[in-house]
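# Structural features, examined
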Amino acid sequence: MLDPKVETRPWPEQHAIDDAAYRTQLDYLFDRSAFYRAKLTEAGLASAEVAGGLTEIGSLPLTDKCELRASCTPDNPIGAHLCCTPREIVRIYSTSGTTGTPSYVPLTASDLENWVTASARSYAASGITAGQRIVTTYNAGPFVAGAALAAFDRIGLCHIPLGTGNTERLMLAIDRLRPEAAVLTPSYAAYCIEWAAERGFDLRGSSVERVLVAGEPGGGEPAFRAKLEAGWGATVTEAMGIGDIGVSLWGECEEQDGMHLGARGFVHAELIDPETGVAVGMDDGAAGELVLRHLQHRAAPLLRFRTRDHVHVRTSHCRCGRTSPRVRCIGRTDDMLIVRGVNVFPSAVREVVSAFVPKVSGNILVRPRAPGVKQEPPLPVNVELARDATADATLAEAIRDRLRNVLVIQTHIDLVPWGSLRRSGYKSGLVEHALEGDG
Ligand SMILES: [Zn+2]
């Protein structure tokens, strides 16, 4: 454990510390943030005292990414939530947005320090230790994931950065430099297994003992994880962050039962119902959209920021000794579809279909017919066959039945030949609306 004093602190003690930090941060926002001064005043909260402490946080308004974007001007391209002077900013990251225009994430020296500390705790939870070698495959330079790279230095690892898109060079480095760990997105980790199988590279027998996945949900789905662990002959754990709040805020420990909040003390986590926005208790077994707020941020702190990550929470005792809550990300609420009143995450569809490996490859594509979230059944799903497998009606029927039993949705299954679903080197999309694909 990187920081045992902090990481094993009893949670009620952490909560008391966080509550004090939160009140100070609210004062700071009223003092410096034009965005939050206006937003809170409009919500009838005229001062930090009125807003109260963490127990009352559920009554404060939520912050959406598009509100921040809308507050950008030519004079202030960062947004009205910027709280510090230009001279205090030591780094500005970009996050890619769906609109193509990046948002900027500024950090002061102490913000950056806290990001690296949190990220180092999260990655160290996987069991990697000082002196070991780690290959990374993130083209993270301009993006917030770049800060995670500093976390590997902090842990004391020998870092071998390789970037994305050259699997041959990655495998060569694994073969020659014999790293103990590799960091990849889950979809790239899956792609590497196929790549190695095609070329007779013994990935399973390689030096890599730990595969750390991050960058997209999926690394925690049991069947998908089992496939990664078998293909790499390694333990798989995951990490997760959100650009606007911090990099690798969460990191899974060796018990493999969800990601601990490595950013404890810097970030406060809560849950909401994604449809109503109503707060949901962070109790063991609870599920909802993750909402995060900074506790001691300086450059552009955020209050109740909607991450759009749908998570399951565990607060039961973890044998590793870390006392922070754990989460498992089920998917992005943006990817969620509602089929006749039933919430469906494409990653859950993939998880169910994975049970049919080796008849299928495990790759799927959900192809909703209508734009938007609400869909009429049956929901079309392309399921990729295993190499050399041929489509048969019984298999399609069995997959359809299983999806109906497990997820309670009607689907239309199209079995497609091996290799016909797009593999991305970085993140894989599991949903393609009919119009996007055909237009
Ligand atoms: Zn643990």
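These remarks concern the structure in this document. (Residues numbered from 1 in each chain as written. Predicted model: local features only at pLDDT ≥ 70, side-chain atom pairs only at ≥ 80, totals over all residues. Heavy atoms only, no water.)

### Some thoughts on the pairing of strand β20 (residues 411–416)
Both strand β19 (residues 379–385) and β20 contribute to a ladder of six bridges, which runs parallel. Residue Pro380 lies in a different strand from β20, and its bridge partner there is His412. Crossover connection from β19 via helix α12 (residues 393–407) to parallel β20: handedness right-handed. (Pairing = 2+ DSSP bridges. Helix = DSSP H or I, 4+ residues; strand = E, 2+ residues; numbered from the N terminus. Right-handed = clockwise from strand over helix to strand, strands pointing away.)

### Digging into unusual backbone geometry
Trans peptide bonds make up most of the peptide bonds, and negative phi angles are found at most residues other than glycine. Cis geometry is adopted by the peptide bond preceding Pro358, which originates at Val357 and carries an omega value of 10 degrees. Note the cis peptide between Pro377 and Pro378, where omega equals -5 degrees. With phi around 50 degrees, Arg178 is a residue other than glycine that occupies positive phi space. With respect to the secondary-structure elements, Arg178 resides in the loop between α8 (167–177) and β5 (181–184). Overall, Arg178 belongs to the exposed group, its relative accessible area being 52%. (Buried < 20%, exposed > 50% of the residue type's maximum accessible area, 1.4 Å probe, protein only.)

### Digging into the packing of helix α11 (residues 346–354) against α12
Where α11 contacts α12, the two axes come as close as 10 Å, and the packing angle between them is 125 degrees. By the angle between their directions, the pair α11 and α12 is classed as oblique. In this structure, α11 meets α12 at a crossing whose hand is right-handed. Together, Ala348, Val349, Val352 and Val353 of α11 and Ile399, Arg402, Leu403, Val406 and Leu407 of α12 make up the contact between the two elements. By residue class, the composition of the contact of α11 with α12 is eight nonpolar, no polar and one charged. (Axes fitted to C-alpha atoms, helices over the stretch in contact; angles between N-to-C directions. Parallel < 35°, antiparallel > 145°, perpendicular 65-115°, else oblique. Left-handed = near helix turned anticlockwise from the far one by under 90°. Contact = heavy atoms within 4.5 Å. Nonpolar A, V, L, I, M, F, W, Y, C, P; charged D, E, K, R; others polar.)

### Some thoughts on α12
Helix length check: α12 (15 residues) gives 21 Å between terminal C-alpha atoms against 21 Å at 1.5 Å per residue, within 8%. Residues Leu395, Ala396, Ile399, Leu403 and Leu407 constitute the buried set of α12. Projected onto a plane normal to the axis of α12, the buried residues spread over an arc of 100 degrees and lie on a single side. α12 presents Ala393, Thr394 and Asn405 as exposed residues on the side facing more than 90 degrees away from its buried surface. (Expected span 1.5 Å × (residues − 1). Arc of directions from axis to C-beta.)

### Let's talk about the sheet that holds strand β4 (residues 158–161)
Across the sheet, 12 strands lie side by side as β4-β3-β5-β6-β7-β8-β9-β14-β13-β12-β10-β11; this open sheet has mixed pairing. Edge positions in the sheet fall to β4 and β11 (279–280), since each has one partner strand and no second. Relative to strand β9 (residues 259–261), strand β8 (residues 246–252) runs antiparallel, the two sharing three bridges. Opposite Gly251, over in β9, you have His260 as the bridge partner. Against the sheet, helix α2 (residues 11–32) touches β9 and β12 (287–294), its axis set at about 60 degrees to β12.

### Let's talk about the side chain of Arg210
Locating Arg210 in the fold gives a position in strand β6 (residues 210–213). Filtering out sequence-adjacent residues up to four positions away, Arg210 remains in contact with Ser126, Gly127, Ile128, Glu180, Ala181, Ala182, Ala234, Thr235 and Glu254.

### As for the coordination of the zinc ion
Distances from the zinc ion to its protein donors, Cys253 (SG), His260 (NE2), Cys318 (SG) and Cys320 (SG), fall at 2.1 to 2.3 Å. Bound by four donor atoms, the zinc ion shows angles of 102 to 113 degrees at the metal and therefore tetrahedral coordination geometry. (Donors = N, O, S within 2.8 Å, 3.2 Å for Na, K, Ca; no water. Tetrahedral: all angles 85-135°; square planar, octahedral: opposite > 155°, others 65-115°.)

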